[in-house]
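# Understanding the architecture of this molecule
The chain contents come next:
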Amino acid sequence: MTTLEEQATFDTPEAGEVLLEARGVTMRFGGLVAVDEVDLTVRAGEIVGLIGPNGAGKTTFFNCLTGLYKPTSGVVSFAGRPLRPRPRAVVRAGMARTFQNIRLFQNMTALENVMVGRYCRTSAGPLTSILRGPKFRREEAETRARAQELLEFVGMPDVADSLARNLPYGDQRRLEVARALATDPQLLLLDEPTAGMNPQETRQAEVLIQRIRETGLAVVVIEHDMRFIFNLCDRVLCLVQGSVLVEGTPEQVQSDPRVIEAYIGTSADGPDEQTGAGPEDGAPRA
Ligand SMILES: Nc1ncnc2c1ncn2[C@@H]1O[C@H](COP(=O)(O)OP(=O)(O)OP(=O)(O)O)[C@@H](O)[C@H]1O
């Protein structure tokens, strides 16, 4: 029997090669500086955690990295080339992401959802697709086979024909990861991948991310679950009010009094003024 790693092969860069380089990334919304001069370097095979209380700017920073937002200033490069702030350009360059809220095509099957992720790597044009010629049929078969391989890789070999909306919550999250992997990324960005998961699903997510790293991909993960972050990551950045407060190993970050204060400060302050979120939402889940 072949292992999942053998079934799912990835086109991966050399370990340690710099993939993502963000320099001085700043995002303003009117008078609010949501992300303030943030630098980040991510190398192939690394798992980097991004933590910080509610409203710290984590998702906004992800949006700047992945072309959803054009940063007010700063530069984002991937594999040594400046990245155009367009989601399609970002995906083609080799970065894929998942979102805080599940964004699946709920009325499509699991397999179809993963196939959608694959289309950015197929070459059949509109005419070939309409005529359904040999090239289209060959690519379609390859796309289908790759999608099934990825469902197996994320641990869901038997759900291909299930509608996304009928899958349990944890499986929907894993399906999103499979769809992101279908774009053949070198770097995967995960925005709160364990939000709403039970402890068993959280543990499965941790194992899956480790397995993704073993294939040579880099991962950047936003999480409020500190146990998850400190178990998993090689390096952790703590953002507070848009700026990097601390960056270091999990050991350095978890023992840094400034990090503890940033979170306790949030808890004591009550609801976040910007988001309206209560203290529990931004407080670390340990
Ligand atoms: N499109 C927008 N327009 C205006 N303000 C925004 C916008 N998006 C985010 N913000 C503000 O920017 C700040 C950073 O928000 P962001 O969602 O990036 O924080 P976060 O660290 O991801 O928080 P959470 O942990 O709650 O997801 C917040 O004050 C938020 O209200």
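Read on for an overview of the structure. Quick caveat, the model's predicted, so the values are computed rather than measured. (Residues numbered from 1 in each chain as written. Predicted model: local features only at pLDDT ≥ 70, side-chain atom pairs only at ≥ 80, totals over all residues. Heavy atoms only, no water.)

Here the focus is the site of the ligand. Around the ligand there are 16 residues in total, and N54, G55, K58, T59 and T60 lie nearest to it. The separation between an oxygen atom of the ligand and a polar main-chain atom of A56 is 3.1 Å. When the free accessible area of the ligand is taken as 630 Å², the share hidden by the protein chains comes to 73%. Looking at the shell around the ligand element by element, the count peaks at three residues for helix α2 (residues 58–65). (Near = heavy atom within 4 Å. Polar contact = N/O pair within 3.5 Å; in protein donor to acceptor, adjacent residues only side chain to side chain. Areas by Shrake-Rupley, 256 points an atom, 1.4 Å probe, with all protein chains shown as cover. Helix = DSSP H or I, 4+ residues; strand = E, 2+ residues; numbered from the N terminus.)

Quantified by volume, the second largest pocket comes out at close to 480 Å³. Looking at the second largest pocket, it is lined by 20 residues, and the ones nearest its centre are V91, R97, F99, R179 and T183. Listed by contribution, the elements that provide at least two residues to the lining of the second largest pocket are α3 (87–93), β6 (95–97), α4 (110–118) and α7 (169–181). In terms of residue count, α3 provides more of the lining of the second largest pocket than any other element does, five residues in total. For the lining of the second largest pocket, the class distribution of residues is 11 nonpolar, four polar and five charged. Mapping the lining of the second largest pocket onto the domain boundaries places at least three of its residues in each of domain 1 (11–94 + 186–286) and domain 2 (108–184). (1 Å grid on protein atoms, 1.4 Å probe; cavity = no way out; pocket = protein on both sides within 12 Å on 5 of 7 lines; lining within 4 Å. Points joined across faces, edges and corners; volume = space filled by probe spheres on them. Nonpolar A, V, L, I, M, F, W, Y, C, P; charged D, E, K, R; others polar. Domains from an automatic or database assignment.)

This part covers empty space enclosed by the protein. Rolled over the atoms, a probe sized like a water molecule indicates the empty space that remains. With the rule as written, the count across this model stands at two cavities of 30 Å³ or more. Approximately 100 Å³ is the volume attributed to the largest cavity. T98, R173, R174, E176, V177, L190, P193, M197, A205, L208, I209 and I212 are the residues that line the largest cavity. When residues of the lining of the largest cavity are traced back to their parent elements, those giving at least two are α7 and α8 (199–214). For the lining of the largest cavity, the class distribution of residues is eight nonpolar, one polar and three charged.

Quick look at the sheet that holds β6 now. The six strands lie next to each other as β6-β7-β8-β3-β9-β10, forming an open sheet whose pairing is mixed. A single partner strand is all that each edge strand has here, and the edge strands are β6 and β10 (243–248). Geometrically, the sheet is characterised by an average inter-axis angle of 20° between neighbouring strands, direction not taken into account. Pairing analysis gives five bridges linking strand β9 (residues 235–240) to β10, with the strands arranged antiparallel. Across the sheet, residue C238 finds its bridge partner in β10, namely V246. The strands touched by α2 are β3 (47–51), β6, β7 (187–191), β8 (218–222) and β9; relative to β7, the strand with the most contacts, the crossing angle is about 150°. Most of the contacts of α7 go to β7, to which it runs at about 155°, and overall it touches β6 and β7. (Pairing = 2+ DSSP bridges. Axes fitted to C-alpha atoms, helices over the stretch in contact; angles between N-to-C directions. Contact = heavy atoms within 4.5 Å.)

Here the focus is the pairing of β7. Within β7, five of the five residues are buried, which leaves it mostly tucked inside the rest of the structure. Taking every second residue as pointing to the same face, both faces of β7 are buried, with L187, L189 and D191 on one and L188 and L190 on the other. Here β6 pairs with β7 via three bridges, running parallel. Paired with R97 across the two strands is L189, which belongs to β7. Examined bridge by bridge, β7 and β8 share five bridges and lie parallel to one another. In the strand pairing of β8, L189 is matched with V220. Crossover β7 to β8 through α8 is right-handed. (Buried < 20%, exposed > 50% of the residue type's maximum accessible area, 1.4 Å probe, protein only. Right-handed = clockwise from strand over helix to strand, strands pointing away.)

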